[in-house]
Amino acid sequence: MNYTEFMNAMLCEIRGQVDAQVRTELYTVTKNNGTRRTGILFKQEDSNLAPTIYLEEFYQKYLKGQQVPDLADSICSIYQEIRVKKTCDCQNLFDFNHVKEHIVYKLIRRDANEELLKKIPYEPFLDLAVVYYIQIDNTRFGSAAIQIRNEHLRYWRVEKEEIRRLAEKNTPRIYPVQIRQIVRFMYVATNEQCSLGAAVMRYPDFREKVRGMIRGDFYILPSSIHEVIILPKSKGIAKEELDAMIQDINHTQVDTEEVLSDHAYLYERGLGKIQMAF
């Protein structure tokens, strides 16, 4: 069956497995880089939170031979683990004093998210955009977060600069940087959760940590929204070769939703900042 038929078959199968007080429906959302994803939305009668489990990876399993009932069982098991057993006090989200300690940032590609960026506060950074969100919860299946939009700022009566200041303070605290060596002279940098970890390249302590591992200038390769690769400029790899490497990874190993950039960045100690590699 094609993907549309598969989605409807999964919905029917799951409806036969969940409790009567849980409403399920297909839900499509536009995600990072303009990608559209469809999943099963689970809405409990006693909760105003509705988790969505996306179906793309399950369709790939179906194409490899797994049966719809077994895949539906897997989704229902995930739902039982992540289901919200209490109602979220949404009024807290309108209380700036309540949310301000949970405001963080991530990096996204600027040219692939132009429509989104018209609706949200952001800060240009290289060829990227720093965007802000409220972190609510993390599980091994994903995270619950709310994108901060322009209307939030109007309701809270705060300026973008205040959101930026809070995110700059909170993000390194909530998502500490982690750098590990993968091969000689090459390192990968992310956060301890390994989620949206490319943002660590903006942390105040990021450059200090890298300086303890690499002497001199270094390249930063944006391998995805979740991590970056670091290698010394002294290795003499041409910028064109680095860009080609990044683009090949983006096209063959990274989902479209998780692509960050096609270009390498360079940190020069003399300038004390990250810039596009030219």
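Residues numbered from 1 in each chain as written. Predicted model: local features only at pLDDT ≥ 70, side-chain atom pairs only at ≥ 80, totals over all residues. Heavy atoms only, no water.

### Things to note about the overall build of the protein chain
Condition: Here a strand is any run of E in DSSP of at least two residues, a helix any run of H or I of at least four, and the numbering for each starts at the N terminus. Think of it in three bands: residues with accessible area under 20% of the maximum for their type are buried, residues over 50% are exposed, and the middle band is partly exposed, with areas taken using a 1.4 Å probe on protein chains only. Throughout, a residue-residue contact means that at least one pair of heavy atoms, one from each residue, lies within 4.5 Å. Values of accessible area rely on a 1.4 Å probe in the Shrake-Rupley scheme; residue burial ignores everything except the protein chains shown. Only four residue types enter the charge count, namely Lys and Arg as positive and Asp and Glu as negative; His and the chain termini do not. Charged groups are reduced to one reference atom each: NZ for lysine, CZ for arginine, CG for aspartic acid, CD for glutamic acid.
Of the regular secondary structure elements, the protein chain holds 9 helices and 13 strands. Taken along the three principal axes of its C-alpha coordinates, the protein chain extends 65 × 50 × 30 Å. In the protein chain, buried positions account for 42% of the 278 residues. Here the contacts in the protein chain between residues at least 6 apart in sequence split such that 56% fall between residues at least 24 apart. As displayed, the protein chain offers around 14,900 Å² of accessible surface, 47% of which is attributable to carbon and sulfur atoms. Charged side chains in the protein chain number 38 positive and 39 negative. The centres of these two groups are separated by 5 Å.

### Focus: unusual backbone geometry
Not every positive phi belongs to a glycine, and Phe185 is a case in point at roughly 70°. By the secondary structure assignment, Phe185 is in the loop between β8 (177-183) and β9 (186-191). The class for Phe185 is partly exposed, based on a relative accessible area of 33%. With phi around 55°, Leu196 is a residue other than glycine that occupies positive phi space. As for its position among the elements, Leu196 is in the loop between β9 and α8 (206-211).

### So, helix α3 (residues 68-82)
Each α-helix turn comprises 3.6 residues. Residues three or four places apart therefore point the same way. Threshold: Each helix should span, by expectation, one fewer than its residue count multiplied by 1.5 Å. Think of the arc as the fan of directions from the helix axis to the C-beta atoms.
The end-to-end C-alpha distance of α3 is 21 Å, a good match for the 21 Å that 15 residues give at a rise of 1.5 Å each. Turning to α3, its buried residues are Val68, Leu71, Ala72, Ile75, Cys76, Ile78 and Tyr79. Projection of α3 onto a plane perpendicular to its axis shows the buried side chains occupying an angular sector of 160°, all on one side.

### Details of the sheet that holds strand β2 (residues 36-44)
Note the following rule: Note on pairing: two strands pair once DSSP finds at least 2 bridges between them. Each axis is a line fitted through C-alpha atoms, taken for helices only over the stretch in contact, and angles between the N-to-C directions span 0 to 180 degrees.
Spatially, 3 strands are ordered β1-β2-β3 in an open sheet, and the strand pairing comes out antiparallel. This sheet does not close on itself; its edge strands, each paired only once, are β1 (22-30) and β3 (52-54). If you compare each strand with its neighbour and ignore which way they point, the axes differ by 30° on average. Along the sheet, helix α1 (residues 3-15) contacts β1 and β2; its crossing angle with β1, the most-contacted strand, is approximately 155°. Packing of α3 onto the sheet brings it into contact with β1, β2 and β3, and relative to β3 it is tilted by some 145°.

### Describing the nonpolar core
One broad trend across soluble globular proteins is that nonpolar side chains are buried collectively. This is how the line gets drawn: The set of buried Ala, Val, Leu, Ile, Met, Phe, Trp, Tyr and Cys residues whose side-chain atoms join them within 4.5 Å is what this entry labels a nonpolar core.
Counting 44 residues, the largest nonpolar core has Ile103, Ile163, Met201 and Phe206 as the members making the most contacts within it. Looking at this core element by element, the count peaks at 5 residues for strand β6 (residues 128-139). In this structure, Ile163 is in contact with Phe96, Ile103, Tyr132, Ile148, Leu153, Trp156 and Val158, ignoring residues within four places of it in sequence.

### Observations concerning the state of the cysteines
Rules: Any two cysteine sulfur atoms lying within 2.5 Å of each other are counted as a disulfide.
In this structure the tally under the stated criterion is 0 disulfides. Here Cys12 stays free of any disulfide, with the sulfur of Cys76 as its closest cysteine sulfur at 13 Å. Accessibility expressed as a relative area gives 56% for Cys12, which makes it exposed.

### So, the sheet that holds strand β13 (residues 273-276)
The strand order β8-β9-β11-β10-β12-β13 describes an open sheet built from 6 strands, whose pairing is antiparallel. Edge positions in the sheet fall to β8 and β13, since each of these pairs with one other strand and no more. Averaged over all pairs of adjacent strands, the angle between strand axes in this sheet comes to 30°, irrespective of strand direction. As judged from the 6 bridges shared by β8 and β9, these two strands associate in the antiparallel manner. Residue Gln181 lies in a different strand from β9, and its bridge partner there is Tyr187. Docked against the sheet, helix α9 (residues 239-252) engages β10 (218-224) and β11 (227-232), running at close to 15° with respect to β10.

### A few points about the packing of α1 against α3
Quick reminder of the rule: By the definition used in this description, the sense in which the near helix is turned from the far one sets the handedness, with an anticlockwise turn below a right angle giving left-handed and a clockwise turn giving right-handed. Asp, Glu, Lys and Arg are counted as charged, while Ala, Val, Leu, Ile, Met, Phe, Trp, Tyr, Cys and Pro are counted as nonpolar; the rest, among them Gly, fall into the polar class.
Closest axis-to-axis distance for the α1/α3 pair is 9 Å, and the angle between their directions is 65°. The two elements α1 and α3 cross, and the hand of that crossing is right-handed. For the pair α1 and α3, the contacting residues are Phe6, Ala9, Met10, Glu13 and Ile14 in the first and Val68, Pro69, Leu71, Ala72, Ile75 and Cys76 in the second. The residue inventory of the contact of α1 with α3, partitioned by class, reads 10 nonpolar, no polar and 1 charged.

### Focus: α9
A rise of 1.5 Å per residue sets the reference length of α9, with its 14 residues, at 20 Å; its end C-alpha atoms lie 20 Å apart and thus fit the reference within 8%. If you check which residues of α9 are buried, you get Leu242, Asp243, Ile246, Ile249 and Asn250. The arc that holds every buried residue of α9, seen down its axis, measures 125°, which confines them to one face. Residues Glu240, His251 and Thr252 are exposed on α9 and point more than 90 degrees away from its buried face. Each element contacted by the buried residues of α9 is listed here: β10 and β11.

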